[in-house]
Amino acid sequence: MDEDFTPAERDALYKAIFSRRDVRGQFRPDPVPDEVLNRILLAAHHAPSVGFMQPWNFIVITDKEVKSRIHADFARANEEAAAMFEGERRGLYSRLKLEGIREAPVNLCITCDRERSGPVVLGRTHMPAMDLYSCVCAVQNLWLAARAEGLGVGWVSILHEDALRNALGIPERIVPIAYLCLGRVTHFEATPELETKGWRKRLPLEDLVFRDRWQEEKQGE
């Protein structure tokens, strides 16, 4: 394998990073070919993991009844979430589409088996959450690979963990990390939807980079 990226390969990587979006409402019903799904799962499986423990599992969901059960829980959780905001913020929240559970041809749950490598894991001895973070790296790998394949991904985090466990038969010792909606889309937004809808703007990078030690964040600039 050539260790150096060509300029075209480098540009393709950055294109995937900068054009990746959290997709909610643009899913098409076309099935995802097995060979494409296998490629993006393989990309996820090649994520870095603490102590090389590879703590992830991937639950692929295409059954409409299972999706409907997950969506019903989302609807309950979404009502609870809306009530946590006040005034104009609550109104804006209520107008946002925050999932594509039933529309996406594939749903995917990524989990973490924290016992996979035994009680003592190289690199997890002093930062015990590193296995959870490793699974998040798998999510990112999958997301970028999906974008390169022309697939959209939406992360649904407005769910009750117990309801998700029950719907998917996840054992108590296994930690659900991400519930993702996956499929072909009509288009990718040029700008993140939450930014265009007025929820948040991207923060300037220069305000987030410190040198050598923590610095007080700039105020009022």
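Only a predicted model underlies this, so the values are computations on that prediction, with no experimental measurement involved. (Residues numbered from 1 in each chain as written. Predicted model: local features only at pLDDT ≥ 70, side-chain atom pairs only at ≥ 80, totals over all residues. Heavy atoms only, no water.)

**A short note on the overall build of the protein chain**
Reasoning step 1: Counting its regular elements, the protein chain contains seven helices and four strands.
Reasoning step 2: Along its sequence from the N terminus, the protein chain presents helices and strands in the succession α-α-β-α-α-β-α-β-α-β-α.
Reasoning step 3: In terms of overall dimensions, the protein chain is globule-like: its C-alpha atoms have a radius of gyration of 19 Å, near the 17 Å expected for 221 residues.
Reasoning step 4: Referenced to the eigenvectors of the C-alpha coordinate spread, the extents of the protein chain come out at roughly 50 × 45 × 40 Å.
Reasoning step 5: When the 221 residues of the protein chain are sorted by exposure, 38% land in the buried category. (Helix = DSSP H or I, 4+ residues; strand = E, 2+ residues; numbered from the N terminus. Rg over C-alpha atoms; globule rule 2.2 N^0.38 Å. Buried < 20%, exposed > 50% of the residue type's maximum accessible area, 1.4 Å probe, protein only.)

**Some points on the layout of surface pockets**
Reasoning step 1: What the largest pocket holds in volume is close to 360 Å³.
Reasoning step 2: Around the largest pocket sit 15 residues that line it, and Arg-20, Pro-192, Glu-193, Leu-194 and Arg-202 are the ones nearest its centre.
Reasoning step 3: The greatest single-element share of the lining of the largest pocket, amounting to three residues, is contributed by helix H7 (residues 193-196).
Reasoning step 4: Broken down by class, the residue content of the lining of the largest pocket amounts to four nonpolar, one polar and ten charged.
Reasoning step 5: Estimates place the volume of the second largest pocket at around 170 Å³.
Reasoning step 6: As for the second largest pocket, its lining consists of Trp-155, Val-156, Ser-157, Leu-159, His-160, Glu-161, Leu-164, Pro-176, Ile-177, Ala-178 and Tyr-179.
Reasoning step 7: Broken down by secondary-structure element, the contributors of at least two residues to the lining of the second largest pocket are helix H6 (161-168) and strand E4 (174-184). (1 Å grid on protein atoms, 1.4 Å probe; cavity = no way out; pocket = protein on both sides within 12 Å on 5 of 7 lines; lining within 4 Å. Points joined across faces, edges and corners; volume = space filled by probe spheres on them. Nonpolar A, V, L, I, M, F, W, Y, C, P; charged D, E, K, R; others polar.)

**A few points about the pattern of salt bridges**
Reasoning step 1: Enumeration according to the criterion identifies 14 salt bridges in this entry.
Reasoning step 2: Across the pair Glu-161 and Arg-165 runs a salt bridge whose closest N-O atoms are separated by 3.0 Å. Remark: Arg-165 and Glu-161 occur in helix H6; sequence separation between them is four residues, near one turn of the helix.
Reasoning step 3: Accessibility expressed as a relative area gives 6% for Arg-165, which makes it buried. (Salt bridge = Lys/Arg side-chain N within 4 Å of Asp/Glu carboxyl O.)

**What to know about a nonpolar patch on the surface**
Reasoning step 1: Taken together, the side chains of Phe-5, Leu-13, Tyr-14, Ile-17 and Phe-18 make up a nonpolar region of the molecular surface, amounting to roughly 540 Å² of accessible area.
Reasoning step 2: Relative accessible area serves as the criterion here: at 59%, Phe-18 is assigned to the exposed category. (Patch = residues over 30% accessible without salt bridge, like charges linked within 9 Å, V, L, I, M, F, W, Y side chains within 5 Å. Areas by Shrake-Rupley, 256 points an atom, 1.4 Å probe, with all protein chains shown as cover.)

**Some words on the UniProt feature "domain: Nitroreductase" (unreviewed entry) in the protein chain**
Reasoning step 1: Within the UniProt annotation, "domain: Nitroreductase" (unreviewed entry) is assigned to residues 18-183.
Reasoning step 2: What you have in residues 18-183 is 42% helix and 17% strand, and the ends, taken at the C-alpha atoms, are 19 Å apart. (UniProt positions renumbered as here; feature names shortened; annotations may be inferred.)

**Some details on the pairing of strand E2 (residues 106-113)**
Reasoning step 1: With eight of eight residues buried, E2 lies mostly within the body of the structure.
Reasoning step 2: In E2, alternate side chains face the same way, and those of Val-106, Leu-108, Ile-110 and Cys-112 on one face and Asn-107, Cys-109, Thr-111 and Asp-113 on the other are all buried.
Reasoning step 3: When strand E1 (residues 56-61) meets E2, the two strands line up antiparallel, connected through six bridges. Bridging across to E2, Asn-57 finds its partner in Thr-111.
Reasoning step 4: Both E2 and E4 contribute to a ladder of eight bridges, which runs antiparallel. Looking at the pairing, Asn-107 lines up with Cys-181 of E4. (Pairing = 2+ DSSP bridges.)

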